[in-house]
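Summary of the model geometry
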Amino acid sequence: MNLADVARRAGVSSATASRALSDHPHVAAATRERVWQAARDLEYVASPDATGLARGTTGRVAVVVPHLARWWFGAALEGLSGALRAAGLDLLLYRLGDPAARQAFFDELPARRRADAVVLLGFGVDERERERLDRIGVGIVAAGTRVGSHPSVSIDEYAAGRQAMDHLLHLGHRRIGMIVAADPDLDLAQPAGRSAAYRAALADAGIDPDPDLTATVTWSPECGARAMSGLLGLARPPTAVYAHSDEIALGALRTLRRAGYRVPGDVSVIGIDDHPLAAITDLSTVAQPAAEQGELAARTVLAGLAGEPVDPIVTVPTRLVIRGTSGRPPGPGAS
């Protein structure tokens, strides 16, 4: 299928179809939607030769994110945009939004062809979305996640979880709660790796897991606070809590302090990320360099555009940061 087929199906000229697919401002909204619908119906894929988007000629890199307000995405974007700007490339930012907007984005992706490469920030894709990405014929790089065989830059989620759990176990804790941060917009490998680390660390320490000590919530401090309330309501509350993110851990800290618990005297808390608020609140955590992941993703894009060898998997190390929210359990009877 070519542009003329799309124009014929939409009942417009090829010039109008081209302007509509490039979101030209001087195309009526109804006409633009009719052309896009025709492109979707025909599964039209923009031709690099026809659109002038041969590899490396647009000077733009598309960056796709599920969230903009969260710390990790902002920090990764900063590292990514700085490296691209230094190389003279512009950044096109796409926020996926709700499930309907996400589906529309991937439906229309093959017809867009506006960039030399696409960077996926911090979210996984299903088979259908991966197929749409493969069809656009440009380099795909994942940051903070892994997508099929495409180059990726990320931390080792399991290793980060083990750093947090091993720290609590070395302090002497044996009754350790876990607050899982689940987000349908993010890569499922993240909670899976961090949860696997929890189970493996307990097994290595000879501790049978107690399902009551695991709470799964959506990604927000408020949800972390509610999860901590549930853990405190157990007949035998945990002496330590491992949270999948600092934002969740900060919510847990609020509940503990409001309930009169001493941290870490009564309950220890550790998160993952090293969010800017972690240092201010003296939160023990496992630091992951978000800006560095963005910068390395940009360098991977630049290497690919230059025809240079690209590392298929770049794993960025994490670091245990011990602060004031983790300490030894309160006493033999309490642990």
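Keep in mind it's a predicted model, so treat the numbers as computed, not measured.

Some points on the sheet that holds strand 11 (residues 313–315)
- In spatial order, the strands read 2-1-3-4-5-11; together these six strands make up an open sheet with parallel pairing. Since the sheet does not close on itself, it has two edges, and those belong to strand 2 (90–95) and strand 11, each with one partner. Each strand of the sheet is rotated relative to its neighbour by a mean of 20°, with strand direction disregarded.

Points about helix 10 (residues 221–232)
- Between its terminal C-alpha atoms helix 10 stretches 17 Å, which fits the 16 Å expected from twelve residues at 1.5 Å a residue.
- When we look at burial in helix 10, the residues that qualify are Cys223, Gly224, Ala225, Ala227, Met228, Leu231 and Leu232.
- On the buried face of helix 10, the contacting elements are strand 6 (176–182), strand 7 (214–218), strand 8 (240–243) and helix 11 (246–258).

Side note on the packing of helix 1 (residues 3–10) against helix 2 (residues 14–21)
- At their nearest, the axes of helix 1 and helix 2 sit 8 Å apart, and the two run at 100° to each other. Considered as vectors, helix 1 and helix 2 are oriented roughly perpendicular to each other. Only Ser14, Ala17, Ser18 and Leu21 of helix 2 make contact with helix 1, whose side of the interface consists of Leu3, Ala4 and Ala7.
- Across the contact of helix 1 with helix 2, the residue classes tally to five nonpolar, two polar and no charged.

Points about the nonpolar core
- Among the nonpolar cores identified, the biggest contains 44 residues, and Leu80, Val119, Leu121, Ile176, Tyr198 and Tyr242 are the most heavily contacted of them.
- When residues in this core are grouped by element, the largest group, nine residues, is from helix 5 (residues 71–86).
- Residues within four places of valine 119 in sequence aside, it is in contact with Val61, Ala62, Val63, Val64, Leu80, Val141, Ala297 and Val301.
- Grouped together as the second largest cluster of nonpolar side chains are 23 residues, Cys223, Leu231, Leu232 and Val269 included.

Regarding the pattern of salt bridges
- Tallying each qualifying case throughout the model produces twelve salt bridges.
- In this structure, arginine 9 engages aspartate 41 in a salt bridge whose closest nitrogen and oxygen atoms are separated by 3.6 Å. Note that arginine 9 is positioned in helix 1 and aspartate 41 in helix 3 (residues 29–42), a separation of 32 residues in sequence.
- You can call aspartate 41 partly exposed: its relative accessible area is 42%.
- Put simply, Arg162, Asp166 and Asp204 are held in one network by salt bridges that share partners.

Each value, and the rule that gives it
- Residues numbered from 1 in each chain as written.
- Predicted model: local features only at pLDDT ≥ 70, side-chain atom pairs only at ≥ 80, totals over all residues.
- Heavy atoms only, no water.
- Pairing = 2+ DSSP bridges.
- Helix = DSSP H or I, 4+ residues; strand = E, 2+ residues; numbered from the N terminus.
- Axes fitted to C-alpha atoms, helices over the stretch in contact; angles between N-to-C directions.
- Expected span 1.5 Å × (residues − 1).
- Buried < 20%, exposed > 50% of the residue type's maximum accessible area, 1.4 Å probe, protein only.
- Contact = heavy atoms within 4.5 Å.
- Parallel < 35°, antiparallel > 145°, perpendicular 65-115°, else oblique.
- Nonpolar A, V, L, I, M, F, W, Y, C, P; charged D, E, K, R; others polar.
- Core = buried A, V, L, I, M, F, W, Y, C linked by side-chain atoms within 4.5 Å.
- Salt bridge = Lys/Arg side-chain N within 4 Å of Asp/Glu carboxyl O.

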